[in-house]
Amino acid sequence: MKYLKRGRPCQIWKSDIEWTPFFANVDMNSGKVINTWVDALSASFPALQVLSGDVREAVCSHAFYYTLWRKYGMLPERYDWKSATPTVPFSPLRPEFAESTYMLYQATQNPFYLHVGKDIIDNIQKFARTRCGFATIHNVLDKSIEDRMESFFLSETTKYLYLLFDKDNVVNQKSERYIFSTEGHIYKVTKTMRENVHLSEKNPSNTDIPIKPDNYTRLDQCSGLSIKEFQLPITREGLGQIEAFIKYSPSTP
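Residues numbered from 1 in each chain as written. Predicted model: local features only at pLDDT ≥ 70, side-chain atom pairs only at ≥ 80, totals over all residues. Heavy atoms only, no water.

> Sorry, what's going on with helix α5 (residues 151–165) here?
A turn of α-helix holds 3.6 residues, and therefore any two residues three or four places apart point the same way. The end-to-end C-alpha distance of α5, which contains 15 residues, comes to 22 Å, matching closely the 21 Å that a straight helix rising 1.5 Å per residue would cover. At T158, α5 is bent by approximately 30°, the largest bend along its length. Residues of α5 that are buried include every one of F152, F153, E156, T157, Y160, L161, L163 and L164, and no others. Close packing links the buried residues of α5 with α3 (96–108), α4 (112–128), β9 (133–134), α6 (170–173), β12 (178–180) and β13 (186–188). (Helix = DSSP H or I, 4+ residues; strand = E, 2+ residues; numbered from the N terminus. Expected span 1.5 Å × (residues − 1). Bend = angle between axes of the 7 residues up to and from the residue. Buried < 20%, exposed > 50% of the residue type's maximum accessible area, 1.4 Å probe, protein only. Contact = heavy atoms within 4.5 Å.)

> Sorry if this is basic, but what is going on with the packing of aromatic side chains here?
When we look at a pair of aromatic rings, we describe it by the centre distance and by the angle of the planes. For the structure shown, the criterion picks out twelve aromatic pairs. A centroid spacing of 5.2 Å and a plane angle of 45° characterise the contact between F134 and F153, whose relative ring orientation is tilted. Taken together, the positions of F134 in strand β9 and F153 in helix α5 put the pair 19 residues apart, joining distant regions of the chain. An aromatic cluster of at least three residues, connected via ring pairs, comprises Y66, W69, F97, F112 and Y113. The residue whose ring lies beneath R70 is Y66, and the NZ or CZ to ring-centre distance is 5.7 Å. Above the plane of the ring of W37 lies R78, whose end atom (NZ or CZ) is 3.8 Å from the centre. (Phe/Tyr/Trp six-rings, centres within 6.5 Å; stacked < 30°, edge-to-face > 60°. Lys NZ or Arg CZ within 6 Å of the ring centre and 35° of its normal.)

> Would you explain the pairing of strand β7 (residues 85–88) in this entry?
If a strand is regular, its side chains alternate between the two faces of the sheet. Two elements, strand β6 (residues 78–80) and β7, share three bridges in a ladder whose sense is antiparallel. Bridge pairing in β7 links D80 to T85. Linking β6 to β7, which pair antiparallel, is a turn of four residues; within it A84 sits at a positive phi near 60°. (Pairing = 2+ DSSP bridges.)

> It is not clear to me how the nonpolar core should be interpreted in this structure. Could you clarify?
One recurring pattern in soluble globular proteins is that nonpolar side chains are buried together. Formed by 51 residues in total, the largest nonpolar core has its most connected members in F64, L68 and F97. Examining the composition of this core, we find that eleven residues originate from one element, helix α2 (residues 55–72), more than from any other. When sequence neighbours within four positions are dropped, the list of residues in contact with F97 reads A43, H62, Y65, Y66, W69, L75, V116 and I120. (Core = buried A, V, L, I, M, F, W, Y, C linked by side-chain atoms within 4.5 Å.)

> So what exactly am I meant to see when it comes to the sheet that holds strand β5 (residues 37–39) here?
Sheet architecture is open: three strands sit in the order β5-β6-β7, paired in antiparallel fashion. Taken across any chain shown, the strands that pair with only one partner, and hence form the sheet edges, are β5 and β7. Strand after strand, the sheet turns through a mean of 35° between neighbouring axes, direction not considered. Examined bridge by bridge, β5 and β6 share three bridges and lie antiparallel to one another. Following the sheet pairing, D39 is matched in β6 by R78. The strands touched by α2 within the sheet are β5, β6 and β7, with β5 carrying the most contacts at an inclination of about 85°. (Axes fitted to C-alpha atoms, helices over the stretch in contact; angles between N-to-C directions.)

> Mind showing me how you'd approach the packing of α2 against α3 here?
Relative orientation and spacing of two packed helices are given, respectively, by the angle between their axes and the distance between those axes. Direction vectors running N to C along α2 and α3 enclose 140°, while the axes themselves pass 10 Å from each other. Put simply, α2 runs oblique to α3. In the packing of α2 onto α3, the handedness of the crossing is left-handed. In this structure, α2 contributes V55, A58, V59, H62, Y65, Y66 and W69 to the contact, and α3 contributes F97, S100, T101, L104, A107 and T108. Residue classes in the contact of α2 with α3 are distributed as nine nonpolar, four polar and no charged. (Parallel < 35°, antiparallel > 145°, perpendicular 65-115°, else oblique. Left-handed = near helix turned anticlockwise from the far one by under 90°. Nonpolar A, V, L, I, M, F, W, Y, C, P; charged D, E, K, R; others polar.)

This is how it looks when you write it as structure tokens:
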């Protein structure tokens, strides 16, 4: 991870250590940076950080992509962080940013992420909705559209956004019993899937007691997370650092 982390420091709490707002693409052998872009697919990384128990780092990573969203109204397919410009400016309404927003809300219950979800929905409605569906954004700079809609928009993007706001959905109420595939398919966690994973000493068969997240994630890193502390998930100074790195001014339309 020490090779991947790039960008200006991002403070979640003033008294906390500094966290890096994004991860660069590096050569797997040498650790050297091989290009200067991030893409819309990498917006799924905050969700992965949540699942690994590293919620505080996920908050900061998510803030990087949310700032990109705020700058362009959509996530460009590829963004060059050195020149601070989108080098592949189209947006096919990918699910990865919505996925990370959903996972962070499930982990923190911070209503800030509901606000982010509303932003996503509002912009999709504003820029992508057509008479017969939701179009791929051809260019995030001028919001021109293409005559096509990707299947993953319906199967993944809308699914994560729906679940974000449906707190009574069984997937949210009994989240320890379900798992998402990388393509957003929901699978029930069965006994067979658990047989070789952290069996409880009191219930070796694990037939009735579901495995809880604290059995296999580093939730000690998540202590102290509360809605009160996380009305804004990171300090305004930390958010300002990310905005400066991306060259985004909130006053800019």
